[in-house]
Amino acid sequence: MGKCLICNSVIDPFMSFGKMPIANGFLTPEQFGDEYFFDMYVAFCPECKMVQLTEQPDPEKMFHENYAFFSSTSSRMAIHFKEFAEHVKKDFLNAADPFVVEIGCNDGIMLQNFAKAGIRHLGIEPSSNVAKVANEKGVRTISRFFDANLARDIVNEHGQADAFLAANVMCHISNFNSVIEGIGILLKPKGVVMFEDPYLGDVIEKTSYDQIYDEHVFLFSLTSIQYAFGRLGMELIDIEPQSTHGGSMRYVIAHKGAYPVSDKVKSQLKKEKELGLDNRSTYDVFRKNCEQSRDSLKLLLQEIKRQGKQIVGYAATSKSTTVLNYCGINSDLIDYISDTTPIKQGKFSPGMHIPVRAYDEFVKKYPDYAVLLAWNHAEEIMAKEKKFMESGGKWISFVPKVQVMK
Ligand code: DWN
Ligand code: SAH
């Protein structure tokens, strides 16, 4: 039993993933002995319907000067954020000398588009190594955690914002009420908030349980977002569903009464009811689906290994930390994980300690099978790995179901 991070109601976990390490905590053998683990329980709040972890490691343990995820590792995501920025510029920045704030701007993948256009902007990025890359690109970035106090400082120094943007970060922040309060302070009366995160509806439909890990303290739906912002004087006015990261939802929010509410909000809220996102029993079914997925993935890998074939992992994603640890997949089954991020290479995966190797190794000698740990980037990866498939290599996927891909 714990308390809901949004409305303080009593919440009861519907599922445990067991002990989990820091998802992006790639480590060296000397560090194996004091690796940090926490109990990963997931709960559904019967009052405000927010799906959440009951325990999250301290933010400083996850986001720091050695943060291992660099947004610009995906060229498809660079295009996505360019389009996002174009949309904001065209439809929401009509004021003279507009000001754009983005939290979790990482290496500047989105804000670079505003910087290049000479638009006044500010990135808030606590992981100082990725913030440094953003600054080097000409993206003005400060290395702080966003909350209501920081919002006041920003208003004092720069004035209020026309647009508040965030991608794959709002769901990372456990003091969410302080973030909403901060947005209320920071945003001009007619300003807009646009943020996107993996969508709970997709996670439930696809059994993509790997979207749950330390950084992802919340899985949002329209129902829970409407509640969380509504209680602090703001309003969900529109949505823009996205195909990125396996199915995401972009929420458009403003001060209450500033804009009309789109019909899309109403019809998606109705869909959420039909999907049962407001109902505890949905999460009991989800847990059973996760258990089934876990058992069949492990069986499939064991069977392939028995045939004497080589299996590697493709992309040392944060999500893979959940899959590998929950399923108990270690280097007996997966020889190594190929990844393009220099800071991860030569290290070992969190918890299961599978070696992470440079992408060159994968290309030099293609394995028999590759587990598609970045299934959310399947399109981008399939397009560049034609030779692997021509050499007879096969993909193993586990979302939306466990299978050897044809
Ligand atoms: O929410 C988050 C999302 C946006 O990014 C963060 N909490 C952390 C991170 O999650 P992830 O690590 O699961 O993200 P991706 O984008 O699914 O995976 C990135 C990793 O995959 C990087 O280590 C690079 C690697 N990769 C690769 O080796 N080859 C990625 C692609 C596209 C490739 O072709
Ligand atoms: N927006 C990027 C990065 C997502 S990863 C993308 O979509 O690819 C999440 C990022 O949020 C990390 O870079 C992390 O350092 C940052 N972050 C975590 N907590 C934060 C907070 N309280 N305020 C601002 N950024 C935060």
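Residues numbered from 1 in each chain as written. Chains lettered and ligands numbered in written order. Predicted model: local features only at pLDDT ≥ 70, side-chain atom pairs only at ≥ 80, totals over all residues. Heavy atoms only, no water.

### Quick notes on the sheet that holds strand 5 (residues 99-103)
- The strand order across the open sheet formed by seven strands is 7-6-5-8-9-12-11, and the pairing between neighbours is mixed. Where the open sheet ends on each side, the last strands, each with one partner, are strand 7 (141-142) and strand 11 (234-242).
- Two elements, strand 5 and strand 6 (residues 120-124), share five bridges in a ladder whose sense is parallel. Along strand 6, the bridge assignment pairs Ile103 with Ile124.
- Packing against the sheet, helix 6 (residues 176-186) makes contact with strand 5, strand 8 (161-167), strand 9 (187-198), strand 11 and strand 12 (248-255), and its axis sits at approximately 145° to strand 9.
- Along the sheet, helix 9 (residues 263-275) contacts strand 11 and strand 12; its crossing angle with strand 11, the most-contacted strand, is approximately 75°. (Pairing = 2+ DSSP bridges. Helix = DSSP H or I, 4+ residues; strand = E, 2+ residues; numbered from the N terminus. Contact = heavy atoms within 4.5 Å. Axes fitted to C-alpha atoms, helices over the stretch in contact; angles between N-to-C directions.)

### Focus on the side chain of His158
- When you line up the elements, His158 lands in helix 5 (residues 148-158).
- On the accessibility criterion, His158 (18% relative accessible area) is buried. (Buried < 20%, exposed > 50% of the residue type's maximum accessible area, 1.4 Å probe, protein only.)

### As for the site of ligand 1
- Lining the immediate environment of ligand 1, one finds 24 residues, of which Glu215, Lys319, Lys344, His377 and Lys384 sit closest.
- His172 places a polar side-chain atom, nitrogen or oxygen, 2.7 Å from a nitrogen atom of ligand 1.
- Between an oxygen atom of ligand 1 and a side-chain N or O atom of Lys344, the distance comes to 2.6 Å.
- When the free accessible area of ligand 1 is taken as 720 Å², the share hidden by the protein chains comes to 97%.
- Class assignment for the residues of the shell around ligand 1 results in seven nonpolar, eleven polar and six charged. (Near = heavy atom within 4 Å. Polar contact = N/O pair within 3.5 Å; in protein donor to acceptor, adjacent residues only side chain to side chain. Areas by Shrake-Rupley, 256 points an atom, 1.4 Å probe, with all protein chains shown as cover. Nonpolar A, V, L, I, M, F, W, Y, C, P; charged D, E, K, R; others polar.)

### A short note on the nonpolar core
- Formed by 104 residues in total, the largest nonpolar core has its most connected members in Phe146, Phe164, Met170 and Tyr251.
- Among the elements that make up this core, the one with the highest residue count is helix 10 (residues 280-306) (six residues).
- Domain assignment of the residues forming this core places at least three in each of domain 1 (71-278) and domain 2 (282-405).
- Among the nonpolar cores identified, the runner-up in size contains 23 residues, and Met77, Phe84, Val88 and Met194 belong to it. (Core = buried A, V, L, I, M, F, W, Y, C linked by side-chain atoms within 4.5 Å. Domains from an automatic or database assignment.)

### Overview of the layout of surface pockets
- As a volume, the second largest pocket reaches approximately 460 Å³.
- Gly25, Phe26, Leu27, Gln31 and His64 are, among the 18 residues lining the second largest pocket, the residues nearest its centre.
- Across the lining of the second largest pocket, the residue classes tally to eight nonpolar, five polar and five charged. (1 Å grid on protein atoms, 1.4 Å probe; cavity = no way out; pocket = protein on both sides within 12 Å on 5 of 7 lines; lining within 4 Å. Points joined across faces, edges and corners; volume = space filled by probe spheres on them.)

### Brief notes about empty space enclosed by the protein
- One pass over the full model with this rule turns up one cavity of 30 Å³ or more.
- Roughly 40 Å³ of volume is contained in the largest cavity.
- The greatest single-element share of the lining of the largest cavity, amounting to three residues, is contributed by helix 11 (residues 318-327).
- Grouping the amino acids of the lining of the largest cavity by side-chain chemistry returns five nonpolar, four polar and no charged.

Note that all results are geometric; they support no functional claim without further evidence.
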